[in-house]
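Each chain is listed here by its residues.
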Amino acid sequence: MDFKDLLKTKTVIFDGGLGTMLQSSGTAMNEIPETLNLAAPEKVYAVHKAYVDAGADVISANTFGANAIKLKSGQSYVDEVIKAAVTNARKAAETAGKKVFTALDMGSTGRLLKPLGDLSFDEAYDAFKQAATAGEKYGAELAIIETVTDTLEMKAAVLAVAENTSLPVAASFSFDQNGRLLTGGDIGAAVTLLNSLPVTILGLNCGLGPDAAEKSVDKILEMSDFPVIVQPNAGLPVTENGVTVYGSDAEEFADKMAGFVKKGVSAVGGCCGTTPEDIRLAALKCRDIMKAERKKSGRVYISSYMKAVEMADKAGFNNVISANSQNVKNALLAKDYYALLDEALSLQDGGAEAIAVDLRLDGADESESYKGIFEVFPPFVTAPLVFMTENAGVIKFIDRYYNGKTVIYGEI
(Lines give C-alpha, C1' and ligand atoms only; values in the text may rest on other atoms or scores of the structure.)
Protein backbone atom coordinates (compact mmCIF):
# COMPACT_ATOMS: atom_id res chain seq x y z
CA MET A 1 0.00 0.00 0.00
CA ASP A 2 1.31 3.45 -0.88
CA PHE A 3 0.30 6.77 0.62
CA LYS A 4 -2.33 7.50 -2.03
CA ASP A 5 -3.99 4.15 -1.32
CA LEU A 6 -3.97 4.91 2.40
CA LEU A 7 -5.86 8.16 1.79
CA LYS A 8 -8.61 6.20 0.05
CA THR A 9 -9.08 3.74 2.90
CA LYS A 10 -9.07 5.79 6.13
CA THR A 11 -8.59 9.12 7.84
CA VAL A 12 -4.81 9.50 7.90
CA ILE A 13 -3.17 10.57 11.15
CA PHE A 14 -0.01 12.64 10.83
CA ASP A 15 2.30 13.27 13.79
CA GLY A 16 2.43 16.45 15.86
CA GLY A 17 4.94 19.10 16.84
CA LEU A 18 8.60 18.17 16.60
CA GLY A 19 10.48 21.38 17.39
CA THR A 20 8.44 22.15 20.50
CA MET A 21 8.80 18.53 21.66
CA LEU A 22 12.58 18.75 21.24
CA GLN A 23 12.61 21.99 23.21
CA SER A 24 10.65 20.37 26.02
CA SER A 25 13.29 17.63 26.15
CA GLY A 26 16.01 20.18 26.86
CA THR A 27 17.08 21.38 23.42
CA ALA A 28 18.10 25.04 23.43
CA MET A 29 15.72 27.34 21.56
CA ASN A 30 18.59 28.81 19.53
CA GLU A 31 19.84 25.38 18.43
CA ILE A 32 19.19 24.44 14.80
CA PRO A 33 16.87 21.39 15.05
CA GLU A 34 18.20 19.73 11.89
CA THR A 35 21.72 19.51 13.35
CA LEU A 36 20.37 17.17 16.05
CA ASN A 37 19.99 14.47 13.40
CA LEU A 38 23.78 14.20 13.57
CA ALA A 39 24.60 15.54 17.04
CA ALA A 40 21.85 13.90 19.13
CA PRO A 41 19.85 11.43 16.99
CA GLU A 42 18.53 9.69 20.09
CA LYS A 43 16.55 12.81 21.06
CA VAL A 44 14.92 13.00 17.63
CA TYR A 45 14.25 9.27 17.58
CA ALA A 46 12.51 9.46 20.96
CA VAL A 47 10.02 12.02 19.62
CA HIS A 48 9.37 9.99 16.46
CA LYS A 49 8.88 6.84 18.51
CA ALA A 50 6.40 8.58 20.82
CA TYR A 51 4.27 9.56 17.82
CA VAL A 52 4.47 6.06 16.36
CA ASP A 53 3.28 4.67 19.70
CA ALA A 54 0.48 7.27 19.73
CA GLY A 55 -0.93 5.83 16.49
CA ALA A 56 0.39 8.17 13.79
CA ASP A 57 0.26 6.85 10.22
CA VAL A 58 2.87 9.36 8.99
CA ILE A 59 6.08 10.44 10.70
CA SER A 60 7.75 13.61 9.42
CA ALA A 61 11.55 13.48 9.38
CA ASN A 62 13.45 16.26 11.12
CA THR A 63 14.18 18.02 7.81
CA PHE A 64 11.98 21.13 7.94
CA GLY A 65 14.90 23.52 7.35
CA ALA A 66 17.17 21.04 5.57
CA ASN A 67 17.84 22.95 2.38
CA ALA A 68 21.01 24.61 1.19
CA ILE A 69 19.61 28.14 1.52
CA LYS A 70 18.27 27.76 5.07
CA LEU A 71 21.28 25.80 6.36
CA LYS A 72 23.70 28.02 4.40
CA SER A 73 25.60 24.88 3.51
CA GLY A 74 26.62 22.88 0.47
CA GLN A 75 24.79 19.90 -0.95
CA SER A 76 27.01 17.33 0.76
CA TYR A 77 26.05 18.58 4.21
CA VAL A 78 22.37 18.83 3.28
CA ASP A 79 22.55 15.23 2.05
CA GLU A 80 24.17 14.13 5.28
CA VAL A 81 21.51 15.81 7.40
CA ILE A 82 18.63 14.42 5.32
CA LYS A 83 20.09 10.90 5.29
CA ALA A 84 20.41 10.90 9.09
CA ALA A 85 16.92 12.39 9.55
CA VAL A 86 15.07 10.02 7.21
CA THR A 87 16.96 7.00 8.57
CA ASN A 88 16.02 8.03 12.11
CA ALA A 89 12.33 8.46 11.23
CA ARG A 90 12.20 5.15 9.35
CA LYS A 91 13.80 3.38 12.28
CA ALA A 92 11.01 4.63 14.54
CA ALA A 93 8.32 3.84 11.94
CA GLU A 94 9.49 0.25 11.67
CA THR A 95 8.72 -0.36 15.36
CA ALA A 96 4.98 -0.01 14.70
CA GLY A 97 2.74 -3.02 14.26
CA LYS A 98 1.34 -1.47 11.08
CA LYS A 99 2.58 0.42 8.06
CA VAL A 100 3.80 3.89 9.07
CA PHE A 101 5.00 6.22 6.32
CA THR A 102 8.06 8.44 6.55
CA ALA A 103 7.67 11.95 5.11
CA LEU A 104 10.39 14.32 4.00
CA ASP A 105 9.40 17.53 5.79
CA MET A 106 10.11 20.62 3.67
CA GLY A 107 9.74 24.13 4.98
CA SER A 108 10.53 27.58 3.62
CA THR A 109 13.96 28.77 2.53
CA GLY A 110 13.55 31.69 4.92
CA ARG A 111 13.81 34.25 2.11
CA LEU A 112 11.19 35.97 -0.01
CA LEU A 113 11.16 35.34 -3.74
CA LYS A 114 11.51 38.11 -6.32
CA PRO A 115 10.07 40.64 -6.89
CA LEU A 116 9.00 40.90 -3.23
CA GLY A 117 12.38 39.62 -2.06
CA ASP A 118 15.83 38.85 -3.45
CA LEU A 119 15.63 35.10 -4.12
CA SER A 120 14.88 33.92 -7.64
CA PHE A 121 12.32 31.24 -8.41
CA ASP A 122 15.04 29.06 -9.94
CA GLU A 123 17.30 29.37 -6.88
CA ALA A 124 14.45 28.27 -4.62
CA TYR A 125 13.54 25.48 -7.02
CA ASP A 126 17.12 24.17 -7.05
CA ALA A 127 17.30 24.12 -3.25
CA PHE A 128 14.01 22.22 -2.99
CA LYS A 129 15.09 19.86 -5.76
CA GLN A 130 18.29 18.98 -3.89
CA ALA A 131 16.34 18.28 -0.70
CA ALA A 132 13.63 16.27 -2.45
CA THR A 133 15.99 14.05 -4.41
CA ALA A 134 18.03 13.36 -1.28
CA GLY A 135 14.87 12.55 0.67
CA GLU A 136 13.70 10.03 -1.90
CA LYS A 137 17.19 8.56 -2.20
CA TYR A 138 17.37 7.83 1.52
CA GLY A 139 13.89 6.35 1.87
CA ALA A 140 11.23 9.04 2.30
CA GLU A 141 7.85 7.88 0.98
CA LEU A 142 6.16 11.25 0.56
CA ALA A 143 7.03 14.93 0.86
CA ILE A 144 5.11 17.35 3.03
CA ILE A 145 5.73 20.98 2.10
CA GLU A 146 4.45 22.96 5.07
CA THR A 147 4.29 26.28 6.91
CA VAL A 148 4.66 28.11 3.60
CA THR A 149 3.47 31.73 3.50
CA ASP A 150 4.30 32.66 -0.10
CA THR A 151 2.39 31.22 -3.07
CA LEU A 152 5.35 31.50 -5.44
CA GLU A 153 7.67 29.67 -3.06
CA MET A 154 5.06 26.93 -2.70
CA LYS A 155 4.91 26.61 -6.49
CA ALA A 156 8.70 26.28 -6.68
CA ALA A 157 8.71 23.61 -3.98
CA VAL A 158 5.85 21.54 -5.44
CA LEU A 159 7.35 21.59 -8.93
CA ALA A 160 10.78 20.68 -7.57
CA VAL A 161 9.38 17.57 -5.89
CA ALA A 162 6.99 16.56 -8.67
CA GLU A 163 9.46 17.02 -11.52
CA ASN A 164 12.40 15.26 -9.88
CA THR A 165 10.96 12.50 -7.69
CA SER A 166 8.06 10.07 -7.53
CA LEU A 167 7.06 11.23 -4.04
CA PRO A 168 3.41 12.11 -3.37
CA VAL A 169 3.12 15.75 -2.26
CA ALA A 170 1.23 17.11 0.74
CA ALA A 171 1.16 20.92 0.42
CA SER A 172 0.23 23.01 3.44
CA PHE A 173 0.06 26.80 3.82
CA SER A 174 0.21 28.75 7.08
CA PHE A 175 -2.46 31.46 7.38
CA ASP A 176 -2.95 34.17 9.98
CA GLN A 177 -6.22 34.78 11.85
CA ASN A 178 -7.53 36.81 8.93
CA GLY A 179 -6.92 33.99 6.48
CA ARG A 180 -3.92 35.73 4.91
CA LEU A 181 -0.42 34.65 3.98
CA LEU A 182 2.66 36.66 4.90
CA THR A 183 2.89 37.93 1.32
CA GLY A 184 -0.75 39.04 1.38
CA GLY A 185 -2.57 36.29 -0.45
CA ASP A 186 -5.90 35.00 0.83
CA ILE A 187 -7.10 31.41 1.14
CA GLY A 188 -8.71 31.53 -2.29
CA ALA A 189 -5.43 32.49 -3.96
CA ALA A 190 -3.51 29.78 -2.11
CA VAL A 191 -5.99 27.00 -2.81
CA THR A 192 -6.53 27.97 -6.45
CA LEU A 193 -2.79 27.81 -7.05
CA LEU A 194 -2.55 24.36 -5.43
CA ASN A 195 -5.53 23.13 -7.44
CA SER A 196 -3.41 23.71 -10.55
CA LEU A 197 -0.32 21.88 -9.28
CA PRO A 198 0.59 18.17 -8.99
CA VAL A 199 -0.24 17.66 -5.32
CA THR A 200 -1.84 14.66 -3.62
CA ILE A 201 -3.33 16.46 -0.62
CA LEU A 202 -3.48 20.11 0.39
CA GLY A 203 -4.39 22.17 3.42
CA LEU A 204 -3.06 24.22 6.31
CA ASN A 205 -0.78 23.93 9.30
CA CYS A 206 0.76 26.09 12.03
CA GLY A 207 -0.24 29.72 12.48
CA LEU A 208 -3.59 28.98 14.10
CA GLY A 209 -5.07 26.85 16.84
CA PRO A 210 -7.86 24.40 15.99
CA ASP A 211 -10.70 26.81 16.84
CA ALA A 212 -9.28 29.72 14.85
CA ALA A 213 -8.55 27.43 11.91
CA GLU A 214 -12.16 26.39 11.34
CA LYS A 215 -13.16 29.17 8.92
CA SER A 216 -10.02 28.54 6.88
CA VAL A 217 -10.72 24.81 6.78
CA ASP A 218 -14.29 25.44 5.59
CA LYS A 219 -13.02 27.69 2.79
CA ILE A 220 -10.44 25.12 1.65
CA LEU A 221 -13.09 22.37 1.56
CA GLU A 222 -15.34 24.66 -0.46
CA MET A 223 -12.74 25.64 -3.05
CA SER A 224 -10.89 22.38 -3.67
CA ASP A 225 -11.80 18.85 -4.70
CA PHE A 226 -8.45 17.52 -3.45
CA PRO A 227 -8.13 15.60 -0.16
CA VAL A 228 -7.52 18.10 2.65
CA ILE A 229 -5.01 17.96 5.51
CA VAL A 230 -5.29 20.04 8.71
CA GLN A 231 -2.40 20.34 11.19
CA PRO A 232 -3.03 23.30 13.51
CA ASN A 233 -1.08 24.40 16.54
CA ALA A 234 -2.30 23.44 19.99
CA GLY A 235 -3.99 26.81 20.32
CA LEU A 236 -2.32 30.21 20.19
CA PRO A 237 1.00 30.46 22.05
CA VAL A 238 1.31 32.61 25.18
CA THR A 239 4.27 33.12 27.49
CA GLU A 240 3.89 32.19 31.15
CA ASN A 241 6.86 32.65 33.48
CA GLY A 242 9.18 32.75 30.49
CA VAL A 243 7.80 29.51 29.03
CA THR A 244 5.70 29.26 25.84
CA VAL A 245 2.46 27.36 26.39
CA TYR A 246 -0.48 26.65 24.10
CA GLY A 247 -4.17 27.16 24.68
CA SER A 248 -5.98 23.85 24.04
CA ASP A 249 -5.67 20.59 25.93
CA ALA A 250 -5.44 17.20 24.25
CA GLU A 251 -9.12 16.37 24.64
CA GLU A 252 -10.22 19.66 23.07
CA PHE A 253 -7.69 19.25 20.28
CA ALA A 254 -8.86 15.73 19.45
CA ASP A 255 -12.53 16.73 19.50
CA LYS A 256 -11.78 19.50 17.02
CA MET A 257 -9.91 17.12 14.72
CA ALA A 258 -12.89 14.75 14.80
CA GLY A 259 -15.12 17.66 13.84
CA PHE A 260 -12.91 18.45 10.85
CA VAL A 261 -13.10 14.84 9.69
CA LYS A 262 -16.90 15.01 9.87
CA LYS A 263 -16.72 18.01 7.53
CA GLY A 264 -14.73 15.98 4.98
CA VAL A 265 -11.08 16.45 5.97
CA SER A 266 -8.95 13.45 4.92
CA ALA A 267 -5.91 13.81 7.19
CA VAL A 268 -5.25 15.43 10.56
CA GLY A 269 -2.22 16.03 12.71
CA GLY A 270 -0.62 18.74 14.77
CA CYS A 271 1.99 21.46 14.59
CA CYS A 272 3.62 23.64 17.26
CA GLY A 273 2.72 22.74 20.82
CA THR A 274 0.98 19.47 19.99
CA THR A 275 2.21 16.31 21.69
CA PRO A 276 1.90 12.53 21.33
CA GLU A 277 -1.10 12.70 23.65
CA ASP A 278 -2.88 15.07 21.24
CA ILE A 279 -2.19 12.64 18.41
CA ARG A 280 -3.17 9.57 20.44
CA LEU A 281 -6.58 11.03 21.28
CA ALA A 282 -7.06 12.37 17.75
CA ALA A 283 -6.34 8.92 16.30
CA LEU A 284 -8.76 7.36 18.76
CA LYS A 285 -11.59 9.83 18.08
CA CYS A 286 -11.15 9.97 14.30
CA ARG A 287 -10.72 6.24 13.75
CA ASP A 288 -14.35 5.28 13.23
CA ILE A 289 -15.79 8.54 11.90
CA MET A 290 -17.40 8.38 8.49
CA LYS A 291 -16.05 11.28 6.48
CA ALA A 292 -18.60 13.66 5.02
CA GLU A 293 -19.23 13.09 1.33
CA ARG A 294 -17.78 16.08 -0.48
CA LYS A 295 -19.62 17.26 -3.55
CA LYS A 296 -17.53 18.58 -6.41
CA SER A 297 -18.16 22.29 -6.75
CA GLY A 298 -17.79 22.40 -10.53
CA ARG A 299 -16.42 25.92 -10.19
CA VAL A 300 -13.28 27.08 -11.97
CA TYR A 301 -11.07 29.81 -10.55
CA ILE A 302 -8.07 31.78 -11.68
CA SER A 303 -5.85 33.65 -9.28
CA SER A 304 -3.11 36.16 -8.70
CA TYR A 305 -0.79 35.90 -5.71
CA MET A 306 -3.40 37.93 -3.82
CA LYS A 307 -6.88 36.65 -4.68
CA ALA A 308 -8.96 34.24 -6.75
CA VAL A 309 -11.75 35.02 -9.18
CA GLU A 310 -14.38 32.56 -10.39
CA MET A 311 -14.21 32.12 -14.15
CA ALA A 312 -17.60 31.75 -15.80
CA ASP A 313 -16.25 31.60 -19.36
CA LYS A 314 -13.60 33.33 -21.39
CA ALA A 315 -16.10 35.85 -22.71
CA GLY A 316 -16.06 37.45 -19.26
CA PHE A 317 -12.60 38.87 -19.80
CA ASN A 318 -13.19 42.09 -21.64
CA ASN A 319 -10.60 44.20 -19.83
CA VAL A 320 -7.69 43.78 -22.21
CA ILE A 321 -4.26 45.35 -22.24
CA SER A 322 -4.13 45.05 -26.00
CA ALA A 323 -1.07 44.89 -28.19
CA ASN A 324 -3.30 46.44 -30.86
CA SER A 325 -3.18 49.66 -28.88
CA GLN A 326 -0.23 51.55 -30.37
CA ASN A 327 0.87 52.86 -26.96
CA VAL A 328 0.85 49.39 -25.43
CA LYS A 329 2.48 47.82 -28.46
CA ASN A 330 5.26 50.41 -28.30
CA ALA A 331 5.67 49.73 -24.58
CA LEU A 332 5.97 45.99 -25.18
CA LEU A 333 8.50 46.43 -27.97
CA ALA A 334 10.50 48.91 -25.90
CA LYS A 335 10.16 46.72 -22.81
CA ASP A 336 8.69 49.72 -20.99
CA TYR A 337 6.87 47.66 -18.39
CA TYR A 338 5.99 50.63 -16.23
CA ALA A 339 3.81 51.95 -19.05
CA LEU A 340 2.07 48.57 -19.04
CA LEU A 341 1.76 48.79 -15.27
CA ASP A 342 -0.02 52.13 -15.62
CA GLU A 343 -2.48 50.55 -18.07
CA ALA A 344 -3.10 47.59 -15.76
CA LEU A 345 -3.64 49.80 -12.73
CA SER A 346 -6.09 51.91 -14.70
CA LEU A 347 -8.13 48.81 -15.53
CA GLN A 348 -7.90 47.54 -11.96
CA ASP A 349 -8.99 50.88 -10.52
CA GLY A 350 -11.89 50.78 -12.96
CA GLY A 351 -13.14 47.57 -11.38
CA ALA A 352 -11.55 44.86 -13.52
CA GLU A 353 -11.71 41.50 -11.74
CA ALA A 354 -9.22 40.00 -14.18
CA ILE A 355 -6.95 41.55 -16.77
CA ALA A 356 -6.13 40.00 -20.13
CA VAL A 357 -2.69 40.77 -21.52
CA ASP A 358 -2.35 40.48 -25.30
CA LEU A 359 1.25 39.55 -26.07
CA ARG A 360 0.80 39.09 -29.81
CA LEU A 361 2.80 41.71 -31.64
CA ASP A 362 1.68 41.36 -35.26
CA GLY A 363 4.53 39.06 -36.18
CA ALA A 364 7.15 40.78 -34.04
CA ASP A 365 9.24 38.70 -31.66
CA GLU A 366 7.26 38.34 -28.45
CA SER A 367 9.76 36.00 -26.81
CA GLU A 368 10.96 38.68 -24.40
CA SER A 369 7.86 40.86 -24.23
CA TYR A 370 6.34 39.24 -21.18
CA LYS A 371 9.17 38.71 -18.67
CA GLY A 372 9.20 42.21 -17.26
CA ILE A 373 5.49 41.96 -16.47
CA PHE A 374 6.36 39.43 -13.79
CA GLU A 375 8.92 41.81 -12.33
CA VAL A 376 6.92 45.05 -12.11
CA PHE A 377 3.27 44.06 -11.72
CA PRO A 378 3.55 42.61 -8.17
CA PRO A 379 2.63 43.85 -5.67
CA PHE A 380 0.63 46.58 -7.43
CA VAL A 381 -1.57 44.52 -9.74
CA THR A 382 -3.59 42.21 -7.54
CA ALA A 383 -6.15 41.16 -10.17
CA PRO A 384 -5.51 37.78 -11.82
CA LEU A 385 -4.00 37.91 -15.29
CA VAL A 386 -4.90 35.92 -18.39
CA PHE A 387 -2.71 35.97 -21.48
CA MET A 388 -3.18 35.90 -25.24
CA THR A 389 -0.35 34.19 -27.07
CA GLU A 390 0.32 31.25 -29.33
CA ASN A 391 4.09 31.23 -28.78
CA ALA A 392 5.09 27.90 -27.22
CA GLY A 393 8.09 29.37 -25.40
CA VAL A 394 6.01 32.15 -23.90
CA ILE A 395 3.32 29.70 -22.81
CA LYS A 396 5.93 27.52 -21.11
CA PHE A 397 7.41 30.52 -19.28
CA ILE A 398 4.04 31.81 -18.07
CA ASP A 399 2.93 28.38 -16.93
CA ARG A 400 6.04 28.03 -14.81
CA TYR A 401 6.66 31.48 -13.39
CA TYR A 402 3.24 33.10 -13.07
CA ASN A 403 2.43 33.53 -9.38
CA GLY A 404 -1.09 32.15 -9.48
CA LYS A 405 -3.33 30.17 -11.81
CA THR A 406 -3.91 31.63 -15.26
CA VAL A 407 -5.38 30.66 -18.61
CA ILE A 408 -3.82 31.29 -22.01
CA TYR A 409 -5.82 31.95 -25.15
CA GLY A 410 -5.07 32.48 -28.80
CA GLU A 411 -8.14 34.73 -28.94
CA ILE A 412 -10.59 36.22 -26.46
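Further up the page is the structure itself.
Residues numbered from 1 in each chain as written. Predicted model: local features only at pLDDT ≥ 70, side-chain atom pairs only at ≥ 80, totals over all residues. Heavy atoms only, no water.

Novice: Looking at this model, I keep getting lost on helix 14 (residues 337-349). Mind explaining?
Specialist: Note: α-helices contain 3.6 residues per turn, so residues at a spacing of three or four share the same orientation. The terminal C-alpha atoms of helix 14 lie 18 Å apart, and with 13 residues this matches the ideal 18 Å at 1.5 Å per residue to within 8%. What helix 14 keeps buried is the set Tyr337, Leu340, Leu341, Ala344 and Gln348. Take helix 14 and look down its axis: the buried residues cluster within an arc of 105 degrees, on one side only. For helix 14, exposure combined with an orientation more than 90 degrees from the buried face picks out Tyr338, Asp342 and Asp349. (Helix = DSSP H or I, 4+ residues; strand = E, 2+ residues; numbered from the N terminus. Expected span 1.5 Å × (residues − 1). Buried < 20%, exposed > 50% of the residue type's maximum accessible area, 1.4 Å probe, protein only. Arc of directions from axis to C-beta.)

Novice: For this particular structure, what's the right way to read the packing of aromatic side chains?
Specialist: Each aromatic ring pair is specified by the distance between its two centres and by the angle formed by the two planes. Counted by the stated rule, this structure contains nine aromatic pairs. Here Phe3 and Phe14 contribute two aromatic rings whose centre-to-centre distance is 6.1 Å and whose plane-to-plane angle is 90 degrees, an arrangement assigned as edge-to-face. Taken as a pair, Phe3 in helix 1 (residues 3-9) and Phe14 in the loop between strand 1 (12-13) and helix 2 (19-24) lie far apart in primary sequence, eleven residues in all. Comparing Phe3 with Phe14 shows no difference in burial state: the two are buried. Among the aromatic residues, ring-to-ring pairing joins Phe121, Phe374, Phe387, Phe397, Tyr401 and Tyr402 into one connected group. Sitting over the face of the ring of Phe101, Lys99 holds its NZ or CZ atom 4.9 Å from the ring centroid. Looking at Arg400, its charged tip hangs above the ring of Tyr125, at a distance of 4.8 Å from the centre. (Phe/Tyr/Trp six-rings, centres within 6.5 Å; stacked < 30°, edge-to-face > 60°. Lys NZ or Arg CZ within 6 Å of the ring centre and 35° of its normal.)

Novice: Just to check I follow, could you spell out the sheet that holds strand 5 (residues 169-173) for this structure?
Specialist: Whenever strands of a sheet pair, they do so through backbone hydrogen bonds, lying parallel or antiparallel. With respect to topology, eight strands assemble into an open sheet ordered 1-10-7-6-5-4-3-2, the strand pairing being parallel. Of all strands in the sheet, those bounded by a partner on one side alone are strand 1 and strand 2 (58-60). Taken together, the four bridges between strand 3 (residues 101-106) and strand 4 (residues 142-148) define a ladder with parallel strand orientation. By the bridge assignment, Ala103 is partnered in strand 4 with Leu142. (Pairing = 2+ DSSP bridges.)

Novice: I would appreciate a short explanation of the side chain of Thr274 in the present structure.
Specialist: Mapped onto the elements of the fold, Thr274 is located in the loop between strand 10 (267-268) and helix 12 (276-286). Apart from residues lying up to four places away in sequence, Thr274 is in contact with Gly16, Gly17, Thr20, Met21, Tyr51, Pro232, Asn233, Ala234 and Phe253. (Contact = heavy atoms within 4.5 Å.)

Novice: Looking at this structure, how should I read the pairing of strand 4?
Specialist: Every other side chain in a regular strand lies on the same face of the sheet, so the side chains alternate between the two faces. Among the seven residues that make up strand 4, seven are buried, leaving the element largely enclosed by the rest of the structure. After leaving strand 3, the chain enters helix 7 (residues 121-137) and then returns to the sheet as strand 4, a path that is right-handed. For the crossover that starts at strand 4, traverses helix 8 (residues 151-164) and ends in the parallel strand 5, the hand is right-handed. (Right-handed = clockwise from strand over helix to strand, strands pointing away.)

Novice: So what exactly am I meant to see when it comes to the environment of Pro384 here?
Specialist: One can find Pro384 in the loop between helix 15 (371-376) and strand 15 (385-388). Residues Pro384 and Met257, 127 residues apart in the sequence, show an inter-C-alpha distance of 34 Å. Every residue in contact with Pro384, bar those within four places of it in the chain, is listed here: Ile302, Ser303, Ser304, Lys307, Val309, Glu353, Ala354, Ile355 and Tyr402.

Novice: How do you make sense of empty space enclosed by the protein when you look at a structure like this?
Specialist: Gaps left between atoms are located by rolling a probe of water-molecule size over the structure's atoms. Counted by the stated rule, this structure contains one cavity of 30 Å³ or more. In this model, the largest cavity occupies a volume close to 40 Å³. As for the largest cavity, its lining consists of Thr63, Phe64, Ala66, Asn67, Leu104, Asp105, Met106, Gly107, Phe128 and Ala131. At three residues, strand 3 tops the list of elements feeding residues into the lining of the largest cavity. Looking at the lining of the largest cavity residue by residue, the classes come out as six nonpolar, three polar and one charged. (1 Å grid on protein atoms, 1.4 Å probe; cavity = no way out; pocket = protein on both sides within 12 Å on 5 of 7 lines; lining within 4 Å. Points joined across faces, edges and corners; volume = space filled by probe spheres on them. Nonpolar A, V, L, I, M, F, W, Y, C, P; charged D, E, K, R; others polar.)

Novice: Even after reading the chapter, I still don't get the pairing of strand 5, so can you show me in this structure?
Specialist: Most of strand 5 sits inside the fold, with five of its five residues counted as buried. Burial along strand 5 is two-sided: the face carrying Val169, Ala171 and Phe173 and the face carrying Ala170 and Ser172 are both buried. Where strand 4 and strand 5 come together, four bridges link them in parallel fashion. Among the inter-strand pairings, Ile144 is bridged to a residue of strand 5, identified as Ala170. The sheet contact formed by strand 5 and strand 6 (residues 201-205) spans four bridges and is parallel. In the sheet register, Ala171 faces strand 6, and the bridge partner there is Leu202. In this view, the connection linking strand 5 to its parallel neighbour strand 6 by way of helix 9 (residues 187-195) has right-handed handedness.

Novice: Help me understand the nonpolar core in this model?
Specialist: A general trend in soluble globular proteins is that nonpolar side chains are found buried together. Counting 90 residues, the largest nonpolar core has Met106 and Ile145 as the members making the most contacts within it. Ignoring sequence-local partners within four residues, the contact set of Ile145 consists of Met106, Met154, Ala157, Val158, Val161, Val169, Ala170, Ala171 and Ser172. Of all hydrophobic cores here, the second largest spans 26 residues; its members include Ile355, Ala383, Phe387 and Tyr402. (Core = buried A, V, L, I, M, F, W, Y, C linked by side-chain atoms within 4.5 Å.)

Novice: Explain unusual backbone geometry here, please?
Specialist: Generally, phi is negative for residues other than glycine and the peptide bonds are trans, each holding for most cases. Lys114 connects to Pro115 through a cis peptide bond whose omega is 5 degrees. Across the junction of Pro378 and Pro379, the peptide omega takes the value 0 degrees, indicating a cis bond. Counting through the fold element by element, Pro379 comes out in the loop between helix 15 and strand 15. One non-glycine residue with positive phi stands out, namely Lys72, at about 55 degrees. For Lys335, which is not a glycine, the phi torsion comes out positive at approximately 60 degrees. Looking at the element boundaries, Lys335 is found in the loop between helix 13 (326-334) and helix 14.

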